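# Remarks on the overall topology
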Amino acid sequence: VYPKTGIFPTFITGNPRIDLCGEKYRDFFDKKSRSMKNIFGDYFLITDNLPVERYSGRPVKPSKRVGYSTEDISLFERRERYTKELREKFIKFLAECANNLPLYNFILRPHPVASPTRYAEALSEYRNVHIVFKDSVEHWLRGSKGLISTGCTSAIMAREMNIPYFHFKSET
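This text gives an overview of the structure that appears in the document. This one's a predicted model, so the numbers in the text were calculated from it and none came from an experiment.

### Section: the packing of aromatic side chains
Each aromatic ring pair is described using two quantities: the centre-to-centre distance and the angle formed by the ring planes. Counting across every chain of the model gives seven aromatic pairs. Aromatic ring contacts, followed pair by pair, group F90, F93, F166 and F168 into a single cluster.

### Regarding helix α4 (residues 70–100)
Across its 31 residues, α4 extends 45 Å between first and last C-alpha, which sits within 8% of the 45 Å expected from 1.5 Å per residue. Residues of α4 that are buried: I73, E80, T83, L86, R87, F90, I91, L94, A95, C97 and A98. Structurally, α4 contributes buried residues whose contacts are with β1 (43–47), β2 (105–109), α5 (117–123), β3 (129–131) and β4 (146–149).

### Quick notes on the sheet that holds β3
The strands making up a sheet are joined through hydrogen bonds of the backbone, oriented either antiparallel or parallel. Taken in spatial order, the five strands make up an open sheet running β3-β2-β1-β4-β5, and their pairing is parallel. One side of each edge strand has no neighbouring strand; the edge strands of this open sheet are β3 and β5 (165–167). On average, each strand axis in the sheet is tilted by 20° relative to the strand beside it, whichever way the strands run. With three bridges joining them, β2 and β3 adopt parallel strand pairing.

### Some words on the pattern of salt bridges
According to the stated counting rule, one finds six salt bridges in the structure shown. For R87, the salt bridge is made with E88, and the minimal N-O distance between the two is 3.9 Å. Here R87 falls in the buried class, since its relative accessible area comes to 5%. Taking the shortest distance from any N to any O, the salt bridge between R118 and E121 comes out at 3.7 Å. Here R118 pairs with E121, and both are found in helix α5, just three residues apart, close to one helical turn. One continuous salt-bridge network, built from bridges that share partners, spans R87, E88, R118 and E121.

Basis of the calculations
- Residues numbered from 1 in each chain as written.
- Predicted model: local features only at pLDDT ≥ 70, side-chain atom pairs only at ≥ 80, totals over all residues.
- Heavy atoms only, no water.
- Phe/Tyr/Trp six-rings, centres within 6.5 Å; stacked < 30°, edge-to-face > 60°.
- Helix = DSSP H or I, 4+ residues; strand = E, 2+ residues; numbered from the N terminus.
- Expected span 1.5 Å × (residues − 1).
- Buried < 20%, exposed > 50% of the residue type's maximum accessible area, 1.4 Å probe, protein only.
- Contact = heavy atoms within 4.5 Å.
- Pairing = 2+ DSSP bridges.
- Axes fitted to C-alpha atoms, helices over the stretch in contact; angles between N-to-C directions.
- Salt bridge = Lys/Arg side-chain N within 4 Å of Asp/Glu carboxyl O.

Pasting the structure below:
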């Protein structure tokens, strides 16, 4: 159709990552999830959407040189401050969870572009907190007792997998 008419065809497809979490396909994750559960026992998965410092070590900062306006830069700076504050509150909350629930493990899987350094510094004293970047989040989620999240796609996946989830939100 496109080459002759210039009209792009449209198809309703859904989201393959979310679709795989639904009842029809979720068993796909079971084998690896059982292995993870055998290693870590009962655990809660923690995901974040707070990539303040990038994993690459290179911060992403808008500048006027590449076409950002003063308003864009100001918005970015406010968002960066808010994200840092929220992350610190999230870390405090996770420390309380780890301290009050010592029989459970907490698998922290930061956002794929985020640096885990701040989490490692703040949570290293807790033997039941593990920072892991290995494997797909779906496998970790399927084996978990529940999800603690700051608002990312993994919460939608948890819902599709019938896994309890908790959304951390601060009033800041």
